[in-house]
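Inside the fold
Residue-level listing of the chains:
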Amino acid sequence: MISDGLLKLAGDGGLGERIKKSHGIELSSSFIDGMNVKIVGNGGGGGRLNRRSAGVVIFNNSFFNSDHSMSVRGSGGNAFKVDYGTGIVVEDSTFDSSGWLHLRGLSGYGFEKMKESLGIHLKRSKLKSDSIRLVGKPGDPDKDTLTSAQNKVAWGELNQGIAIRKSRLKATDQLVLRGVGGEGISQLDGIFIQYGSLKAGQHLNMTGEGGSGTNLHSTAGIIALENSSIQSPSIYLKGKGGVSTIQNVDSQFSDSYYNDGIYLEESTVSTLPLKGIELITRERPSMVLQGFGGEIRVEGDVPFARGDLNSGVVLWDVDFIGASSSRIFGYAGKPPKGNLNTGVEIRNDSNLRFISDPGFDGPAVSLFGKAFSGNDKNTAVKIKDSHLSSPFA
């Protein structure tokens, strides 16, 4: 499908009492080329059951090209019970835009547990543009705004704002991600990155907020795992953990493993400039990580033997290359017992290197941590089995 002007695709999934599949837009092995491309899809609605109802599904080596702008908006479906209701799914496909690329996904909603309902889910795909912006959040039947995770009907096992798995995003100018997790019982992270590569020529900005629910496995603001890489001369990450209420000690997720503001493991974060892209700003290259741990509550007399694990910022086996203007702020969240809540935690062979910036005088490197009040292992800044180096005296 080719157009030298505006190319617009719009679709609304059908309605029914029991729906097996009702996507708004489904594109497989497709080629889309236009000056401006706009795609809007809304998943269908069912009375009792809606098995699969995504807003926009793009898969099977589809390719999208734009000489100016590309916009994709998707809203997952709804029913009393929804199994899979993600806003936007991109799998094994490519986006290439010479101007800007915007994706906004709202997860579906239902009144019973959902198996998978994310705002945006990228799997084994490539996104390339001058400017890239992704927004993923829980669907709200009453109001379409990026707010805190307070939607009372979109709850489930996998209800993340933005999930990036084995995918590459590259923006020659700026890359912006905004993710909010929904309500549920398992993985409700704001932004989740696994084997992902995120690069921006000028600025990279990520803001993530975890969801809330019971016996959660993961409700971090921002998570990057397993050889993920984040690179830009200017990086700003802000993450806020969600709220996990422990109701059943026998639950497989009762340990609440990740409730941190920012959790980075076996990954690389760098402010080194991208090859072939010249900086257009005169501002000092910088990196800011700001993390706020979430809250873990315990109902009644339910025992909770583990540490509270709701740190502000956690760097675990991370290769960190920061500019001379680098700041890490970590604020521990609220624990149920006041144990093991850390502001900033750096450990397990992490390597933090702070490099000088030609043309800028004076260092501005700082680590700040604040622990929550408690009675054991409440450390503001904890560094173990790691290495920090700086050229400054």
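Everything numeric here is computed off the predicted structure, so don't read it as measured data. Per chain, residues are indexed from 1 in the order of the written sequence. In view of the model being predicted, local features appear only for residues whose pLDDT reaches at least 70, and side-chain atom pairs are presented and counted only at 80 or more, with totals across whole chains, interfaces and linings using the full set of residues. Hydrogens and water molecules were not included; the side-chain quantities draw on all heavy atoms of the structure.

Moving on to the pattern of salt bridges. Within this document, salt bridges are pairs made up of a side-chain nitrogen of Lys or Arg and a carboxyl oxygen of Asp or Glu, the two lying within 4 Å of each other. Across all of its chains, the model carries 6 salt bridges by this definition. Here Arg124 ties to Asp92 by a salt bridge, and the two come within 2.8 Å at their closest N and O atoms. Highlighted residues: Arg124 in the loop between β15 (120–123) and β16 (126–137) and Asp92 in the loop between β10 (88–91) and β11 (94–97), separated in sequence by 32 residues. Three exposure classes are used, based on accessible area relative to the maximum for each residue type with a 1.4 Å probe and protein chains only: buried under 20%, partly exposed in between, and exposed over 50%. We classify Asp92 as partly exposed; its relative accessible area is 27%. In this structure, the salt-bridge partner of Arg347 is Glu345, at a minimum N-O distance of 3.1 Å. An identical accessibility class is assigned to Arg347 and Glu345; each is buried. Connected through shared salt-bridge partners, Glu91, Asp92, Lys123 and Arg124 make up one network. Only DSSP runs of H or I covering at least 4 residues are called helices, and only runs of E covering at least 2 are called strands; the numbering of each starts at the N terminus.

Another point: unusual backbone geometry. Within the chain, Asn60 stands out as a residue other than glycine whose phi angle is a positive 60°. Assignment of secondary structure puts Asn60 in the loop between β6 (56–59) and β7 (63–75). Take Asn60: its relative accessible area is 38%, and that puts it in the partly exposed class. Phi at Glu266 is positive, roughly 50°, even though this residue is not glycine. Its place among the elements puts Glu266 in the loop between β29 (262–265) and β30 (268–270). With a relative accessible area of 37%, Glu266 lands in the partly exposed category.

Turning to its location among the elements, Lys199 is positioned in strand β22 (residues 197–200). You can call Lys199 partly exposed: its relative accessible area is 29%. Separated by 29 residues in the primary sequence, Lys199 and Lys170 have C-alpha atoms spaced 4.7 Å apart. Note on definitions: a residue-residue contact is assigned when non-hydrogen atoms from the two residues lie within 4.5 Å. In this structure Lys199 touches Leu169, Lys170, Ala171, Leu175, Leu204, Gln231 and Leu274, once residues within four positions along its chain are discounted.

A separate point is the packing of aromatic side chains. Note on aromatic contacts: the rings of Phe and Tyr and the six-membered ring of Trp form a pair at centre separations within 6.5 Å, being stacked when their planes are under 30 degrees apart, edge-to-face when over 60 apart, and tilted otherwise. All chains considered together, the criterion is met by 5 aromatic pairs. When the ring of Tyr331 is compared with that of Phe368, the centres are 5.7 Å apart and the planes differ by 55°; the resulting orientation is tilted. Note that Tyr331 is positioned in strand β35 (residues 325–331) and Phe368 in strand β38 (residues 364–370), a separation of 37 residues in sequence. Residue classification places Phe368 among the partly exposed residues on the basis of a relative accessible area of 37%. Cluster of aromatic residues (ring-pair linked, three or more members): Phe292, Tyr331 and Phe368. Definition used: whenever NZ (Lys) or CZ (Arg) falls within 6 Å of the ring centre and also within 35 degrees of the ring normal, the charge is taken to sit over that ring. Note that Arg52 overlies the ring of Tyr84, its terminal NZ or CZ placed 4.2 Å from the centroid.

Take the confidence of the model for the protein next. The predictor reports its confidence for every residue as pLDDT, a score running from 0 up to 100. Looking at the protein as a whole, its pLDDT mean stands at 83, while 82% of the residues score no less than 70. Per-element confidence in the protein is highest for β22, whose mean pLDDT is 97, and lowest for strand β17 (residues 155–158), whose mean pLDDT is 66. Every residue in residues 143–153 is under pLDDT 50, and counting partners more than four places away or in other chains gives 35 contacts.

Relative to the helices and strands, Leu103 resides in strand β12 (residues 100–106). The class of Leu103 is buried, set by a relative accessible area of 1%. Between the C-alpha atoms of Leu103 and Ile120, which are 17 residues apart in sequence, the distance is 7.9 Å. Not counting residues within four places of it along the chain, the set of residues in contact with Leu103 comprises Val72, Ile88, Val90, Ile120, Leu122, Leu127, Arg133, Leu134 and Val135.

To continue, consider the side chain of Thr342. Within the secondary structure, Thr342 sits in the loop between β35 and β36 (344–347). According to the relative accessible area criterion, Thr342 is buried, its value standing at 3%. Non-local contacts of Thr342, meaning those with residues more than four positions away in its chain, are made with Ser311, Gly312, Ala332, Thr379, Ala380 and Lys382.

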